[in-house]
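Observations on the three-dimensional arrangement
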Amino acid sequence: MAKKRIGDNPLDSIIPEQVETGQKESGKPEKRKDSKTANGQGGLPSTEASPTEKVKATYYLEADVEASLERAWLELRRLKGRKVSKSEIIEAAVRQVVQDLDQGGTKSRIAQALES
């Protein structure tokens with residue numbers, strides 16, 4: 001049985017920037033299109049991006065964490081009396097975690113939670 005590789009899916013041609021293909025037709029490996037830094041080079045994303053610029057990010061969550069996010073989303077919509085997106089919740093949470101990490105280092109809540 002032939003080994004499938006990323007790029008064999010017909011949907012790859014629809015969203016090529018989100019797919020790492022195995023090889024080009026020329027037989028040479030195709031480079032993955034990664035985030036660009038402020039100077040346009042690959043690597044870690046720039047922290048100098050416009051505050052209003054949004055980028056798509058996908059992460060895996062355990063089922064109970066996703067259920068908690070769903071519950072928080074519904075509760076915040078009720079409390080705020082307006083639509084609240086899950087992206088807003090995640091963005092606010094990440095900002096708080098990073099601020100705590102910057103201020104507390106190894107004593108931050110996230111560092112303590114990840115100790116085990």
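Heads up: these notes are all about the structure in this document. (Residues numbered from 1 in each chain as written. Predicted model: local features only at pLDDT ≥ 70, side-chain atom pairs only at ≥ 80, totals over all residues. Heavy atoms only, no water.)

**Some remarks on the overall build of the protein chain**
- The helix and strand tally for the protein chain stands at three helices and zero strands.
- What you see in the protein chain, going N to C, is helices and strands ordered as α-α-α.
- The contacts of the protein chain with a sequence gap of at least 6 include a subset with a gap of at least 24, amounting to 4%.
- Of the roughly 10,900 Å² of accessible surface on the protein chain, 54% is carried by carbon and sulfur atoms. (Helix = DSSP H or I, 4+ residues; strand = E, 2+ residues; numbered from the N terminus. Contact = heavy atoms within 4.5 Å. Areas by Shrake-Rupley, 256 points an atom, 1.4 Å probe, with all protein chains shown as cover.)

**Description of a nonpolar patch on the surface**
- Together, Ile-90, Val-94 and Val-98 give the surface a local cluster of nonpolar side chains, amounting to about 230 Å² of exposed area.
- Topologically, Ile-90 is positioned in helix α2 (residues 86-104). (Patch = residues over 30% accessible without salt bridge, like charges linked within 9 Å, V, L, I, M, F, W, Y side chains within 5 Å. Salt bridge = Lys/Arg side-chain N within 4 Å of Asp/Glu carboxyl O.)

**Some words on the pattern of salt bridges**
- Here the structure, examined in full by the defined rule, presents five salt bridges.
- In this structure, Arg-78 engages Glu-75 in a salt bridge whose closest nitrogen and oxygen atoms are separated by 2.6 Å. With Arg-78 and Glu-75 both in helix α1 (residues 63-80) and three residues apart, the pair spans about one turn of that helix.
- The class for Arg-78 is exposed, based on a relative accessible area of 56%.
- Here Glu-75 falls in the partly exposed class, since its relative accessible area comes to 34%.
- Salt bridges here are not isolated pairs; linked through shared partners, they connect Lys-54, Glu-91 and Arg-95. (Buried < 20%, exposed > 50% of the residue type's maximum accessible area, 1.4 Å probe, protein only.)

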